[in-house]
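An overview of the molecular structure
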Amino acid sequence: MYLLNNSHRFAPRLGRVALFHSQPAPAAITEASKDINYAVLPKKVSEFIEEAVRVCAPSAIHVCDGSASENENLTNLMVQKGTLQALPKYDNCWLARTDPKDVARVESRTVISTERREQVIPNGKNPTPGALPNWMSPQQLNSEVMKRFPNSMKGRTMYVIPFSMGPVGSGLSKIGIQLTDSPYVASSMRIMTRMGSDVLQLLTENHDMDFVKCLHSIGRPLEVGSSDVPWPCNPEDTMISHKPETNEIISYGSGYGGNSLLGKKCLALRLGSWLAKKEGWLAEHMLILGITNPQGVKKYIAAAFPSACGKTNLAMMTPKLPGWKVECVGDDIAWMRFNKKTGMLHAINPENGFFGVAPGTSDNTNPVAMATIFKDTVFTNVASTSDGGVWWEGLPLPKAPTTVTSWTGEANWSPSTHKTPAAHPNSRFCSPAKQCPILDASWEDPEGVPISAILFGGRRPEGVPLVYESYDWDHGVYMGASMRSEATAAAEFKGKVVMHDPFAMRPFVGYNMGDYFNHWLSFKGKHHRLPKIFHVNWFRKDAQGSFLWPGFGDNVRVLDWILRRVDGESNSALETPIGYVPRESAFNVEGLDKIKWDELFSLPKDFWLNELSAIEKYFSDNIGTDLPPNLTAQLEQIRRRFNKN
């Protein structure tokens with residue numbers, strides 16, 4: 001650990017830096033860092049720190065080593081500030097309550113900055129606001145950055161966070177250095193990434209190794225003598241920006257994890273997808289699980305669902321069929337490359353922890369998560385209980401005399417007396433992956449795990465069957481590109497509107513979505529062992545609004561059919577206009593009551609023709625001439641098959 005007081009002026013090194021494009025140093029900034037140990041910090045890292053110190057003007061600099069003692073000090077500091085409160089009911093668990101205006105990803109204020117607009121924005125005829133990433137020119141971004149960052153860390157400590165996405169030293173991993181004035185971010189990055197001295201050592205030993213520059217400020221400078229607030233932020237000026245051409249991420253104004261833990265969505269997906277296209281791999285919003293059948297045969301599956309659509313529940317599933325076993329590699333992000341030895345697509349989980357949605361998580365829905373999260377965990381925006389615990393919707397209400405305090409601080413909360421939920425719908429747990437009792441033994445294998453099947457899915461209450469299989473790779477890419485799902489609380493959108501969310505990457509792709517589709521299509525013909533592609537929908541409802549499928553542990557029945565299809569079982573499926581669906585006789589529903597099979601798998605012609613029209617309009621309006629012809633052909637083939645019936 002190195003604590004560096006910002007007490008010495010030094011000559012600014014201008015003309016070298018990228019983040020601020022050599023802007024003159026504001027007169028009010030006191031430049032410092034005589035105590036930085038250049039023998040410890042690689043030169044490129046120290047230059048990055050100096051540049052940020054010159055503009056942001058922190059009062060102190062702390063280089064994080066990732067140790068337990070350091071994290072204890074950070075935790076104690078946040079308790080003193082009121083950012084965290086202890087949860088004595090559990091082992092080293094803490095509760096944070098954010099500003100009510102800082103509770104989710106802010107997609108409308110998230111931008112990708114490149115030299116050319118068409119690198120990010122497809123040539124759509126009538127683009128829908130919010131349908132795809134936002135673009136900003138480097139010149140405009142620099143102007144916006146310089147409106148926000150000068151003196152932004154005044155009165156606060158700058159934490160220097162060296163981190164690795166993926167195992168330190170793996171050829172599949174990426175290194176980042178995040179500078180932040182939030183101790184909450186510093187502590188959470190220790191859970192979600194491999195953070196600390198090992199990363200600095202790797203950079204020191206490999207002078208030419210690139211790293212992603214990540215700058216984050218909560219945007220609330222602290223004047224001398226003024227009092228702080230428990231959750232400082234600046235929602236009015238929040239901006240999350242990415243510069244993929246120069247490997248930089250710049251985030252301002254928000255402390256919420258999706259906006260401030262810059263290794264997560266920002267690096268692992270937005271910059272990751274850009275790097276993946278450039279280097280010939282895939283960075284995807286996908287869980288990874290290993291599944292072993294009763295005969296002892298194990299395979300791995302990757303699955304892309306929008307946030308809060310059940311990725312964590314599937315990744316940690318407790319199968320309800322005897323003899324089956326599921327093991328978790330990751331619940332949110334997958335980096336995948338084709339392996340020269342096996343010819344298969346291999347995946348790693350670049351993260352080191354779980355940042356899961358709390359509401360709905362229970363012993364009934366996800367007992368594995370419940371066994372994971374009550375040690376060494378930071379909870380955010382859940383309710384608290386008077387006996388030192390936490391509560392959220394989906395858990396049994398505590399018995400009297402124990403009371404519930406809502407995430408907004410309402411004491412004696414009760415569902416009978418309060419109209420708003422006790423826990424925010426996007427409240428989270430942040431827990432180390434190593435605590436998961438079903439963590440796969442190969443989760444840190446530097447070669448990754450071989451993927452046999454890819455699943456796409458979302459929340460579709462009507463029309464979309466429980467599962468169907470693509471006819472070929474192009475059809476599977478179309479299935480991913482045409483994904484639609486009800487909006488969830490993970491972003492700022494409200495209501496039950498069905499949104500287009502291609503590959504569950506709409507908020508996360510770091511370049512032109514048409515080029516992204518082409519990148520997926522490009523793997524056909526290059527590799528002989530492409531994974532099979534399927535679409536699943538756990539959320540279909542009947543006319544009374546009840547779910548037609550029990551979900552959760554019974555989803556193993558769907559995976560059973562999928563794996564048999566991967567193995568080439570030919571008599572278990574029927575051809576339909578949208579793909580192969582299971583034969584009822586080949587699908588294990590033993591022990592389930594009153595499954596309405598025909599309703600679960602019905603394909604209403606009017607629904608699907610309207611669905612195809614909506615997808616066609618989305619493609620035309622938002623992708624336009626950048627849409628690969630293969631996908632237009634796939635849509636027309638499905639339409640023709642429906643019209644033949």
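What you see is a predicted model; the values in this text were computed from it and never measured.

Rules and cut-offs
- Residues numbered from 1 in each chain as written.
- Predicted model: local features only at pLDDT ≥ 70, side-chain atom pairs only at ≥ 80, totals over all residues.
- Heavy atoms only, no water.
- Pairing = 2+ DSSP bridges.
- Helix = DSSP H or I, 4+ residues; strand = E, 2+ residues; numbered from the N terminus.
- Axes fitted to C-alpha atoms, helices over the stretch in contact; angles between N-to-C directions.
- Contact = heavy atoms within 4.5 Å.
- UniProt positions renumbered as here; feature names shortened; annotations may be inferred.
- Domains from an automatic or database assignment.
- Salt bridge = Lys/Arg side-chain N within 4 Å of Asp/Glu carboxyl O.
- Polar contact = N/O pair within 3.5 Å; in protein donor to acceptor, adjacent residues only side chain to side chain.
- Expected span 1.5 Å × (residues − 1).
- Buried < 20%, exposed > 50% of the residue type's maximum accessible area, 1.4 Å probe, protein only.
- Core = buried A, V, L, I, M, F, W, Y, C linked by side-chain atoms within 4.5 Å.
- 1 Å grid on protein atoms, 1.4 Å probe; cavity = no way out; pocket = protein on both sides within 12 Å on 5 of 7 lines; lining within 4 Å.
- Points joined across faces, edges and corners; volume = space filled by probe spheres on them.
- Nonpolar A, V, L, I, M, F, W, Y, C, P; charged D, E, K, R; others polar.

Quick look at the sheet that holds strand 19 (residues 353-357) now. In spatial order, the strands read 3-4-20-24-19; together these five strands make up an open sheet with mixed pairing. Here the strands that pair on one side only, and so sit at the sheet edges, are strand 3 (84-86) and strand 19. If you compare each strand with its neighbour and ignore which way they point, the axes differ by 20 degrees on average. Both strand 19 and strand 24 (residues 428-432) contribute to a ladder of five bridges, which runs antiparallel. Bridge pairing in strand 24 links Phe 355 to Cys 430. Against the sheet, helix 4 (residues 183-192) contacts strand 4 (94-96), strand 19, strand 20 (378-380) and strand 24, and its axis sits at roughly 55 degrees relative to strand 24.

Below, the discussion takes up the UniProt feature "domain: Phosphoenolpyruvate carboxykinase GTP-utilising N-terminal" (unreviewed entry) in the protein chain. In the UniProt entry, the feature "domain: Phosphoenolpyruvate carboxykinase GTP-utilising N-terminal" (unreviewed entry) is given for residues 47-276. Secondary structure content for residues 47-276 is 31% helix and 22% strand, while the C-alpha to C-alpha distance between its ends is 27 Å.

Its domain assignment divides the protein chain into domain 1 (36-82 + 106-279), domain 2 (283-353 + 439-602) and domain 3 (355-432). Counting residues at the interface gives ten residues for domain 2 and twelve residues for domain 3. At the junction of domain 2 with domain 3, the criterion picks out zero salt bridges. The interface formed by domain 2 and domain 3 contains two residue pairs in polar contact (both at pLDDT 80 or more).

A word on helix 14 (residues 605-623). When the terminal C-alpha atoms of helix 14 are compared, their 26 Å separation across 19 residues agrees well with the 27 Å that a helix rising 1.5 Å per residue should span. Turning to helix 14, its buried residues number three or more, namely Phe 607, Trp 608, Glu 611, Leu 612, Ile 615, Tyr 618, Phe 619, Asp 621, Asn 622 and Ile 623. Contacts made by the buried residues of helix 14 are with strand 26 (467-469), helix 10 (473-481), strand 27 (484-486), strand 28 (498-500), helix 11 (513-521) and helix 15 (629-644). Immediately downstream of helix 14, the backbone of Gly 624 shows phi near 60 degrees, a positive value.

Tracing the chain through its elements places Asp 65 in the loop between strand 2 (60-63) and helix 2 (68-81). A distance of 2.9 Å separates the side chain of Asp 65 from the side chain of Ser 67, its partner in a polar contact.

On to the nonpolar core, then. One broad trend across soluble globular proteins is that nonpolar side chains are buried collectively. Counting 160 residues, the largest nonpolar core has Leu 314, Phe 379, Trp 392, Phe 517, Trp 520, Ile 562 and Phe 619 as its most contacted members. When residues in this core are grouped by element, the largest group, eight residues, is from helix 7 (residues 263-279). Ignoring anything within four residues of it in the chain, the contact list for Trp 392 reads Ala 358, Pro 359, Gly 360, Thr 361, Met 370, Ile 373, Phe 374, Phe 379, Val 382 and Ala 423. One finds Ala 52, Val 111, Ile 177 and Leu 200 within the second-largest nonpolar core, a separate group that totals 31 residues.

Okay, the layout of surface pockets next. Estimates place the volume of the second largest pocket at around 540 Å³. Residue lining of the second largest pocket: 27 residues in total, with Asn 71, Arg 190, Ile 191, Pro 432 and Lys 434 positioned closest to the centre. Contributions of two or more residues to the lining of the second largest pocket are made by helix 2, helix 4, strand 9 (194-195) and helix 5 (197-205). Per-element accounting of the lining of the second largest pocket gives the leading share, five residues, to helix 2. Looking at the lining of the second largest pocket residue by residue, the classes come out as ten nonpolar, ten polar and seven charged. Mapped onto the domain boundaries, the lining of the second largest pocket takes at least three residues apiece from domain 1 (36-82 + 106-279) and domain 3 (355-432).

Its place among the elements puts Ala 96 in strand 4. Accessibility expressed as a relative area gives 0% for Ala 96, which makes it buried. Put simply, Ala 96 and Tyr 184 are 88 residues apart on the chain and 8.8 Å apart in space, counted from C-alpha to C-alpha. Dropping the residues within four chain positions of it, Ala 96 is found in contact with Thr 83, Leu 84, Tyr 184, Trp 231, Phe 379, Thr 380 and Asn 381.

Once that is clear, we can look at helix 11. Across the nine residues that make up helix 11, a large majority, seven, are buried. Buried residues of helix 11: Met 513, Gly 514, Tyr 516, Phe 517, His 519, Trp 520 and Leu 521, and no others. Where helix 11 is buried, its residues meet helix 7, strand 13 (282-284), strand 25 (449-457), helix 10, helix 14 and helix 15.

This brings us to unusual backbone geometry. The omega torsion across Ala 400 and Pro 401 is 10 degrees, close enough to zero to call that bond cis. With respect to the element layout, Pro 401 can be found in the loop between strand 22 (390-391) and strand 23 (404-405). Of note in this structure, Asn 92 is not a glycine but carries a positive phi near 55 degrees. Secondary-structure assignment places Asn 92 in the loop between strand 3 and strand 4.

Assignment of secondary structure puts Ser 137 in the loop between strand 6 (134-136) and helix 3 (138-148). Only 3.0 Å separates the side chain of Ser 137 from the backbone nitrogen of Gln 140, close enough to count as a polar contact. Not counting residues within four places of it along the chain, the set of residues in contact with Ser 137 comprises Ser 113 and Thr 114.

Here the focus is the sheet that holds strand 23. Picture the strands of a sheet paired through backbone hydrogen bonds; they go either parallel or antiparallel. Spatially, three strands are ordered 22-21-23 in an open sheet, and the strand pairing comes out antiparallel. A single partner strand is all that each edge strand has here, and the edge strands are strand 22 and strand 23. In this sheet, strand 23 lies alongside strand 21 (residues 383-385) in antiparallel orientation, the contact comprising two bridges. Counted as the bridge partner of Thr 385 is Val 404 from strand 23.

A full pass over the atoms with the stated rule returns 35 salt bridges. Put simply, Arg 116 and Glu 118 hold a salt bridge, and the shortest N to O gap is 3.2 Å. A salt bridge links Arg 156 to Asp 228, with the shortest nitrogen-to-oxygen separation between them at 2.8 Å. Of this pair, Arg 156 sits in the loop between helix 3 and strand 7 (157-165) while Asp 228 sits in the loop between strand 10 (212-217) and strand 11 (239-243); the two residues are 72 residues apart in sequence, bridging distant segments of the chain. Classification of Arg 156 as buried rests on a relative accessible area of 7%. Through salt bridges that share partners, Lys 264, Lys 265, Lys 311, Asp 332 and Glu 351 make up one connected network.

Counting buried positions along strand 24 yields five of five residues, so the element is predominantly enclosed. Residue alternation in strand 24 divides its side chains into two sets, Arg 428, Cys 430 and Pro 432 and Phe 429 and Ser 431, and both sets are buried. Sheet topology places strand 20 next to strand 24; three bridges connect them, and they run antiparallel. When the sheet's bridge partners are listed, Val 378 is paired in strand 24 with Cys 430.

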